[in-house]
Structures are given as C-alpha cells and as structure tokens.
Amino acid sequence: MTVLILTSEEDVTADMVVAALHGTGTPVLRLDPADLPGKAVLSADYAHGDFDGHLSVNGHVLSMGGLRSIWVRRPGEPAAHAADPSPWLTAETRQALYGMLHSAAARWMNHPRNADQARLKPWQLRVAHLSGFAVPPTVFTTAPRLAREFVEEYREVVVKSASGPPPDDPQVALPTTLIGPDADFAAVAAGPALLQRYVHKRADIRLTCVGTRLFAARKIAEPGQVDGRYGDTGHAWQPVPVPDRIGKSVHEYVTLAGLAYAAFDFAEDEDGIWWFLECNQGGQFGFVELETGQPIAAEVALWLAQHRADRRSR
Amino acid sequence: MQPFTLKYAFPKGICQAVTPYHFDPAQQLNVLPNGRPAVSDPDLLLAVGTTTSTAGSATHFDD
Ligand SMILES: Nc1ncnc2c1ncn2[C@@H]1O[C@H](COP(=O)(O)OP(=O)(O)O)[C@@H](O)[C@H]1O
Ligand SMILES: [Mg+2]
C-alpha cells in the first residue's frame, strides 16, 4: 500500500517525510499536479460497475487499489507546467486527478472539503470559540465607521490579511501590523479589513497537531513586537509542554473542523494565556522541527502509513 | 481606492535564495551535489529559509 504526496519538487519539508517513509520501507509516490499532463500520466476507468486508476511519474507507478493515504502538502495548480497552460486545461486536469483520487478509498491529510472550509479565517475564530480557546476581539468589516469604532474601543489594534499577500505579486509582504487611530478608515469600504485587538505578548506559540499527537514550540517576543515572522530578534523556537486545557481545545477544534493535520498560532500574554490567532490546515512545520528537534515529519509519516481508519480523514 | 489592508503591504526585497540542492526523481527528494539528501543537512535548510513560514509560494497561504 502506497502513500501519495501531492507537492512541488522544491518542497524540502516534504523531503523530511519522504525520507522517513523510505526509512520504514513504506512505498511512496510524490506528484506535483502541475506536472499533469506531461511528466506525469494519469488514467482512470469507470466501466463494468467498477473503478480503477493509475498515476505514474518519473518511473514510479501507483494504482488506486494500492493507495493507502494522500498528503495534500503544497500541490501546484493542475496543468500549471503544461506546454499550453490555460484555466480550462487546469479545470479539466483537476477533474481527472481529484475525481480519481476521491473515487479511491484512501485517508486524506487533509480532506480537501475540510481543508477549504478550514482556510476561512473568520470561521476559524468561531470554531476556536466553540472549542474553548481565548480569542482576541476581532472584526472583519467593509464599514469604515465600524472599523473606526473598533479601534476607538480597543485602542491597540492590528490589521492582517485573511488570505495572505496578493498571489499575483510574489514580491509583496503583508505582515500583521499595528494601526493607529488616524488610519485611513475610508479605505475599509474598498476591501474588507480584518482588525484584531493586539495581544501584549511575551511569546509566540506554534502548535502542530498530527492526528492526536501535539508538538508545541515557543519563541520569545520583544516588547511591542507584532508579527513574529519579521525582524530577527535572535530568539529561537524552543519546545514547550502543551497545557491540558489547550490540548483539550485543540482536539475539540480538529474534530469539529475534520482535520488530521493542523498548525496553530497563539500569542502568549503576560499572564501566560495562549490567545488563539489562527489555525493553518497546511501549516509549515519544517522550521519548527529543525529548530526544536521535535519529530513532526516522522509523526506525519507514521500517520500516513497507518492502516487505522480515522474519522477526521474522510 | 486602495483596499485598507493593502496600505500595510511593503516590498519584500528580491529574494534569490540559491538552493544548493536539486530534485532527484529516483529518490523523490532533493539531494546535495554529493548525492546525500538535502534533509541530512539541517543547518543548510535553516540557512536557505525554505522551511520557514514566510517562504510560502504564491499559491499557498497556509503558513
Ligand atoms: N492580535 C495579535 N496580537 C499580537 N500579535 C499578533 C496578533 N495577530 C497576529 N499577531 C502576530 O502576527 C503573526 C501573523 O498573524 P496570524 O494571525 O498568524 O496570520 P498569518 O500568519 O496568516 O499572517 C502571528 O504569528 C503573531 O506573531
Ligand atoms: Mg500565522
């Protein structure tokens, strides 16, 4: 039984898992949907009331009957590397590939349906509430007046994007930033603004959840620091134990969201409370593993290689 | 009018990290010039920054 990893070739975080699977002798096929059609070949037949399908790339072959699990890591757009790419070719190729994969009886990390929903930041805040996390007051609005009132009420407020930086401009960074009371609130009418009370934090927390295993890491923040990813403060990620209450809420969250894998961001305040910021369903763990030595890749490999059915993977 | 959130964007600076490894189709992972897997050199992976959560490609915002 084979593990399928959907990701780009340059993804060295996936390499960590591929190496772990090699180490345990688990067959693996690594495919970038961008290489289909072309370098990769697909065939699925739906005949005589039955279904079978095959995928091959670089001399490696996978039959749908032998597919154990699928890790959706960082797949490219289907057909992105095709000789004549087009939105239509991408749509057709997506149908062929994902239609075939959904027809197979495999476990997903994470199931695309749940992944799509889990990417919605406002929904994340709601699920976080229901799971018992502390969530900073937040507003997502296109009404300039409401944005201004929110800032007047909470005074120290950050703005962040819900979907990341503009995808058509890879040179643009869009970190979480503190805004002042004199911000140009009229512009809120031109695009929804996600505003959140600033958490006076002494550390950033990154908690990675693989199946039921949790790995938490902590990085000390400088006073007044906002986005922990920008500006090197000289502090490194260190492993920390997961408080019981947090562990319970994480399990609640991933169960509600149907996620087999998730990477949570928290801000730890001066009283030691972990404030929920977001949950990345496909969050990067390479830097955490490399800095803390936590065996996250091995745990992902273990989950993918397991036989056990997991209600969160369907 | 520019959307509110984009007023806080700034240029990242051209980042041309040269990755001293390449994909090996047989092993299905990246290897160093000496043929060893890139993951056997954690210091190098940290230095090139390809495993950090700001290294996301344009199509991925799940960091
Ligand atoms: N309300 C907040 N208070 C303090 N710091 C924050 C707050 N929201 C975000 N940050 C900082 O900014 C970083 C990025 O914000 P986050 O909510 O994780 O969004 P994303 O990673 O999608 O840009 C966080 O990891 C944290 O360091
Ligand atoms: Mg984040």
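Worth saying up front: this structure is predicted, and the values here are computed from it rather than measured.

> Help me out: how do you make sense of the domain arrangement of chain A in this one?
It is common to give the size of an interface as the accessible area lost on bringing the parts into contact. All names here are of chain A. Each domain of chain A was delimited in the assignment, giving domain 1 (2–109), domain 2 (116–134 + 200–295) and domain 3 (138–197). Taking the mean C-alpha position of each, domain 2 and domain 3 sit 22 Å from one another. Each partner contributes to the interface: domain 2 provides nine residues, whereas domain 3 provides 16 residues. When the buried area of domain 2 at its contact with domain 3 is split by residue, Lys121, Val226 and Tyr230 rank highest and sum to 45% of it. Where domain 2 packs against domain 3, one counts zero salt bridges. Put simply, domain 2 and domain 3 have three residue pairs in polar contact (both at pLDDT 80 or more) between them. When residues in the side of domain 2 that touches domain 3 are grouped by element, the largest group, three residues, is from helix α4 (residues 121–130). Of the residues contributing to the side of domain 2 that touches domain 3, the split by class is six nonpolar, one polar and two charged.

> Any chance you could explain the sheet that holds strand β11 (residues 177–179) of chain A here in plain terms?
Residue and element names in this part refer to chain A. The four strands are arranged β8-β12-β9-β11 in an open sheet whose pairing can be described as antiparallel. If you trace the sheet from one side to the other, it starts and ends with β8 (138–141) and β11, each paired once. Adjacent strand axes in the sheet meet at a mean angle of 35 degrees when their direction is disregarded. Where β8 meets strand β12 (residues 193–197), four bridges bridge the pair, whose relative direction is antiparallel. Bridge pairing in β12 places Thr141 opposite Ala193.

Scoring rules and cut-offs
- Residues numbered from 1 in each chain as written.
- Chains lettered and ligands numbered in written order.
- Predicted model: local features only at pLDDT ≥ 70, side-chain atom pairs only at ≥ 80, totals over all residues.
- Heavy atoms only, no water.
- Domains from an automatic or database assignment.
- Contact = heavy atoms within 4.5 Å.
- Buried area = accessible area lost by both parts, 1.4 Å probe.
- Salt bridge = Lys/Arg side-chain N within 4 Å of Asp/Glu carboxyl O.
- Polar contact = N/O pair within 3.5 Å; in protein donor to acceptor, adjacent residues only side chain to side chain.
- Helix = DSSP H or I, 4+ residues; strand = E, 2+ residues; numbered from the N terminus.
- Nonpolar A, V, L, I, M, F, W, Y, C, P; charged D, E, K, R; others polar.
- Pairing = 2+ DSSP bridges.
- Axes fitted to C-alpha atoms, helices over the stretch in contact; angles between N-to-C directions.

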